[in-house]
Amino acid sequence: CTTSPSLTSTQLRTLLASSMSSMYRTEVPLYGDLLSIISTVNSSIISRDPTLISDDEISRLSVERHGAIRVGTASELTLLSRIFRIFGMHPVGYYDLWKDARLPIHATAFRPVTAQGLLKNPFRVFCSLLRMHLIANPSTRRLAEELLGKRKIVSTRCIELLHKAEESTVGSEGEVNGLTRDEAVEFVECVVPIFAWHPTSPATVDEYDRLAKTHPLVADIVSFRGPHINHLTPRTLDIDAVQRAMVEQGMDAKDVVEGPPKRDWAVLLRQTSFHALSEAVVFDGEVEGKHKARFGEIEARGMALTRKGARLYDELMVKVGEVKREMETSGERVDKEQCGGILEKVFRDGFPDTRDALLRQGLGWWAFEVRDARKAKAMWQDRKENVCGWLADLVDAGALDAEPITYEDFLPASAAGIFQSNLPQATQSQAGEAMAEVDEAEARKRLELAVGGIILDYSTLYSEQQRQSLVEVGEVLRVDVD
Ligand code: OOG
Ligand code: NI
């Protein structure tokens, strides 16, 4: 008898992403409204200009999402990290939200890392971990530890299936062989509820208030039975149009788009959201209260930047802040239109916005392809010292094509902005008192330990992707790349 092969990690990821999306649509109907706005905007843009993005990008667009969760302990994170690995999602990037925004957490993002995996389904989960020792008050810390110690976020059956999946060898097509097809589907069905919302809390209202007083994020992480997804973010091709549509439909939208301004050559990531909903929670089986955590977010992704490009981006963002502060100290009121104007001007003056300049100055990552082999081969011989300039010459002459490599990660400043716009105004928290004790290298190591290995560096991944495209160019031209 023949048994049907199991699912591949990519198929499992696609199933996970779509099941989480349906769950979130039921839990937060406004997310469904956001999905319809986005699908209308995206289709109208693609039909107006089908060459705007590559076919590959179009094919992944309708399934593309990122989600965000916040976990309480290193052992919870270890377990989730093992689960995400089965879905082909690996920890990439270290985000220190304490350093950047005085939030008592640090984070990484679980995502596919191969070009094929990203192309088929780039589902990513931004995953924050509570930094318990930042809770300075010993009795609040004990309360948090007790509540977290009592909970079990993953079912026994899920762990059983995880073991089977982990023991398996991966098939030639990437199948997770340790699970039968039915078990693979069951595994996804066991994983999705880990991220479900619980309208009941084992904490008392009083305990919840104590945790929230330390920091609203601590209450969100500690008071519930599991790490509920707090948003799921689809990708749009025109974030400004979606932002306008959100406002027109009466959604409580955040008033500024985070990240770089609108440009001809989109870079990195632009994001906006509607604010977190106030939701009913029953505390300790009896008292009704409210909690704000879950919201809807949208994003527009552009080109990944090299370290040089990212440095320039950071410098310009600092400059934007300085210009705003100067205006404010000289008594001007800086409203959101002016902020947008400053951002646009600083970038217009400081960040090149043509393919040629971006290429020549080595600011972004590209996937190269042969366009005219004869020309490319001839030009390959007089390779210059300045590799970026030489590649720009090849593209300029029509010998090679260069497609920007999409940024697959997150921006610490935008993440901080998104967190903050969805939290009740945090006062100078008790967590603030413990600030001096933070050792950045140690903290990163601890997170790395919790995810069971190393956190991958995204710049390295992009540079490998560009290099791989050049290796393929070399094969077509039968020339050496190095
Ligand atoms: C995560 C915020 C970060 C993003 O898109 O930058 C994030 C959170 O609120 O838990 O998702
Ligand atoms: Ni997000």
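Residues numbered from 1 in each chain as written. Chains lettered and ligands numbered in written order. Predicted model: local features only at pLDDT ≥ 70, side-chain atom pairs only at ≥ 80, totals over all residues. Heavy atoms only, no water.

**Regarding the site of ligand 1**
- Around ligand 1, the neighbouring residues are His66, Ala68, Arg70, Phe126, Asn230, His231, Gln271, Glu297, Phe410, Ala415 and Phe419.
- Arg70 places a side-chain nitrogen or oxygen 2.8 Å from an oxygen atom of ligand 1.
- In this structure, Gln271 approaches ligand 1 through a side-chain N or O atom, which is 2.7 Å from an oxygen atom.
- Within the complex, 100% of the 320 Å² of free accessible area of ligand 1 lies under protein.
- Put simply, ligand 1 lies in the largest cavity. (Near = heavy atom within 4 Å. Polar contact = N/O pair within 3.5 Å; in protein donor to acceptor, adjacent residues only side chain to side chain. Areas by Shrake-Rupley, 256 points an atom, 1.4 Å probe, with all protein chains shown as cover. 1 Å grid on protein atoms, 1.4 Å probe; cavity = no way out; pocket = protein on both sides within 12 Å on 5 of 7 lines; lining within 4 Å. Sits in = over half its atoms within 2 Å of the grid points.)

**Quick look at the coordination of the nickel ion (ligand 2)**
- Within the protein, His66 (NE2), His231 (NE2) and Glu297 (OE) serve as the donor atoms for the nickel ion (ligand 2), at 2.1 Å.
- All donors of the nickel ion (ligand 2) come from a single chain, and their spacing in sequence reads H-x164-H-x65-E. Of the two residues, His66 sits in strand β1 (residues 65-71) while Glu297 sits in strand β10 (residues 296-301), which places them 231 residues apart along the sequence. No difference in accessibility class separates His66 from Glu297, as the two residues are buried. (Donors = N, O, S within 2.8 Å, 3.2 Å for Na, K, Ca; no water. Helix = DSSP H or I, 4+ residues; strand = E, 2+ residues; numbered from the N terminus. Buried < 20%, exposed > 50% of the residue type's maximum accessible area, 1.4 Å probe, protein only.)

**Notes on the packing of aromatic side chains**
- For the structure shown, the criterion picks out 16 aromatic pairs.
- Here Phe347 and Phe351 contribute two aromatic rings whose centre-to-centre distance is 6.1 Å and whose plane-to-plane angle is 20°, an arrangement assigned as stacked. By the burial criterion, Phe347 is buried, and Phe351 matches it.
- Ring geometry for Tyr407 versus Tyr458: centroids 5.8 Å apart, planes at 90°, classification edge-to-face. (Phe/Tyr/Trp six-rings, centres within 6.5 Å; stacked < 30°, edge-to-face > 60°.)

**Section: the domain arrangement of the protein chain**
- By the assigned domains, the protein chain splits into domain 1 (9-302 + 408-451), domain 2 (305-355) and domain 3 (366-404 + 457-482).
- Here the C-alpha centroids of domain 2 and domain 3 sit 32 Å apart. (Domains from an automatic or database assignment.)

**Looking at the layout of surface pockets**
- In this structure, the largest pocket occupies an estimated 1100 Å³ of space.
- Along the wall of the largest pocket there are 38 residues; nearest its centre are Leu52, Ile53, Asp264, Trp265 and Ala266.
- Among the elements of the structure, α2 (29-48), α12 (239-248), β10 and β12 (400-404) are those that each provide at least two residues to the lining of the largest pocket.
- Here the lining of the largest pocket gathers at least three residues from each of two domains, domain 1 (9-302 + 408-451) and domain 3 (366-404 + 457-482). (Points joined across faces, edges and corners; volume = space filled by probe spheres on them.)

**With respect to the nonpolar core**
- Core analysis: the biggest nonpolar cluster contains 66 residues, and Ile83, Phe87, Phe187 and Phe195 have the highest contact counts within it.
- Not counting residues up to four positions away in its chain, the partners in contact with Phe187 are Ile83, Ile86, Phe87, Cys158, Leu161, Leu162 and Leu179.
- Listed in part, the 43 residues of the second largest apolar core include Val267, Leu269, Tyr313 and Val395. (Core = buried A, V, L, I, M, F, W, Y, C linked by side-chain atoms within 4.5 Å. Contact = heavy atoms within 4.5 Å.)

**Points about the sheet that holds strand β3 (residues 105-111)**
- With mixed pairing, five strands are arranged side by side in an open sheet as β2-β3-β4-β1-β6. What marks the edges here is a single partner per strand, and that holds for β2 (90-96) and β6 (231-234). Each neighbouring strand pair of the sheet contributes to a mean axis angle of 20°, computed without reference to strand direction.
- Bridge count between β2 and β3: five bridges; the pairing is antiparallel. When the sheet's bridge partners are listed, Tyr95 is paired in β3 with Ala107.
- Contacts between helix α20 (residues 458-477) and the sheet are confined to β2 and β3, with β2 contributing the most and set at about 135° to the helix. (Pairing = 2+ DSSP bridges. Axes fitted to C-alpha atoms, helices over the stretch in contact; angles between N-to-C directions.)

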